[in-house]
Amino acid sequence: LAVSLIVGQLTAGLRSQARDAERREQATRALYDLAKDLAGVMQPAQVELAVRDFMRTHLGARLWLLLAPGDVLRPVTEAAGHLAALDLQMARMAFDGGMAVESGATDEAGFRRHFLPLTGASRRHGVLVASMPDSAIGDLPLLEALASLVATAVERLYFVDIAQSSQLEAESERLRSSILSALSHDVRTPLTALYGLADSLVLARPPLSGEQRETACAIRD
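Analysis parameters
Residues numbered from 1 in each chain as written. Predicted model: local features only at pLDDT ≥ 70, side-chain atom pairs only at ≥ 80, totals over all residues. Heavy atoms only, no water. Pairing = 2+ DSSP bridges. Helix = DSSP H or I, 4+ residues; strand = E, 2+ residues; numbered from the N terminus. Contact = heavy atoms within 4.5 Å. Axes fitted to C-alpha atoms, helices over the stretch in contact; angles between N-to-C directions. Salt bridge = Lys/Arg side-chain N within 4 Å of Asp/Glu carboxyl O. Phe/Tyr/Trp six-rings, centres within 6.5 Å; stacked < 30°, edge-to-face > 60°. Lys NZ or Arg CZ within 6 Å of the ring centre and 35° of its normal. Core = buried A, V, L, I, M, F, W, Y, C linked by side-chain atoms within 4.5 Å. Buried < 20%, exposed > 50% of the residue type's maximum accessible area, 1.4 Å probe, protein only. Patch = residues over 30% accessible without salt bridge, like charges linked within 9 Å, V, L, I, M, F, W, Y side chains within 5 Å. Areas by Shrake-Rupley, 256 points an atom, 1.4 Å probe, with all protein chains shown as cover.

Peer 1: Lay out the sheet that holds strand β3 (residues 101-102) with the relevant residues and their values.
Peer 2: The strand order across the open sheet formed by 5 strands is β2-β1-β5-β4-β3, and the pairing between neighbours is antiparallel. One side of each edge strand has no neighbouring strand; the edge strands of this open sheet are β2 (74-75) and β3. Bridge analysis of β3 against strand β4 (residues 111-119) gives 2 bridges, and the strand direction is antiparallel. Residue V101 lies in a different strand from β4, and its bridge partner there is F115. Against the sheet, helix α2 (residues 44-59) touches β1 (62-67) and β5 (124-133), its axis set at about 155 degrees to β1. Sheet contacts for helix α3 (residues 85-97): β1, β3, β4 and β5; angle to β5, the most-contacted strand, approximately 130 degrees.

Here it is as structure tokens:
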């Protein structure tokens, strides 16, 4: 009986470990697929949509993606619902401190909110807010890996925007230089003729009267 009980317990433990390992393997594979999907997105809303589907399927969690383009945290979309003022304050704490923060209490559904800063190589881009059940505490490393993926995707979009802005500025400067060059050429030709004629009036023989010469000098100048 003792041997049977021990073997039963060990078997149950191994079965549970096997299920957990299989679930982690599936989540890791899904995380890899998500990384490939995020490599091709072009808008923050697409990032949020892809990550929200992943979290709902593999973590049973809800997601809010807050970005700070002007150092002010704003939700990308309102698809997951409205965040309370306290949640926004905690998100700001995570953003300013650069460290993950979690809410002290669960909501009415038994979910606890985790606030993870999205820190890239150049700057901090925002905060990932995840609402997860306490039973999913073992999935926190996966959530941190997910936040790292999101930070990389958002930073790529940030650099794409910078590159597009720089290209637009360079094109605008080139166009401005072309317009100024064309205008200066078009204006220079008649101005040269006017200058030559005015100078001829100043040097004319017989010389002009004082008032006429003054007028010619003013035209030449």
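Peer 1: Tell me about the pattern of salt bridges, residues and numbers included.
Peer 2: A complete count under the given rule lists 9 salt bridges for this structure. The closest approach of N and O atoms between R113 and D87, which form a salt bridge, is 2.4 Å. With R113 in strand β4 and D87 in helix α3, this residue pair connects regions lying 26 residues apart in the sequence. Among the ionic pairs, D96 bridges to R92, the shortest N-O distance being 3.2 Å. Of this pair, D96 and R92 both sit in helix α3, 4 residues apart, which is roughly one turn of that helix. Each of D199, R220 and D221 takes part in salt bridges that share partners, so that together they form one network.

Peer 1: Can you explain the packing of aromatic side chains? Please cite residues and give values.
Peer 2: This structure, assessed with the given rule, holds 1 aromatic pair. Sitting above the plane of the Y158 ring, R123 keeps its charged end 5.0 Å from the centroid.

Peer 1: Can you tell me about the nonpolar core, naming the residues and giving the values?
Peer 2: Core analysis: the largest hydrophobic core is formed by 31 residues, its most contacted members being V47, V51, F54, M55, L118, L143 and L146. Elements with a minimum of two residues in this core: α1 (2-38), α2, β1, β4, β5 and α4 (140-202). Counting residues per element, this core draws most heavily on α4, at 10 residues. The contacts of V47, once residues within four sequence positions are left out, are L38, V41, L65, V150, A153 and L157. Core analysis: the next-biggest nonpolar cluster, separate from the first, contains 14 residues, L83, F115, V127 and V129 among them.

Peer 1: Residue-level account of a nonpolar patch on the surface, with values.
Peer 2: A surface patch of nonpolar side chains, about 360 Å² in accessible area, is lined by L175, I179, L180 and L183. Secondary-structure assignment places L183 in helix α4.

Peer 1: Talk me through the pairing of β4; I want residue IDs and the actual numbers.
Peer 2: In terms of burial, β4 is a largely internal element, 7 of the 9 residues being buried. Hairpin geometry of β4 and β5 is characterised by an intervening segment of 4 residues between the two adjacent antiparallel strands.

Peer 1: Quick one: what's the story with the pairing of β1, residue by residue and with numbers?
Peer 2: With respect to burial, β1 is a largely interior element, 5 of its 6 residues being buried. As paired strands, β1 and β5 are joined by 6 bridges and run antiparallel to one another. Paired with L65 across the bridge in β5 is L128. In this antiparallel pair of consecutive strands, β1 and β2, the connection spans 6 residues, and D71 shows a positive phi of 70 degrees.

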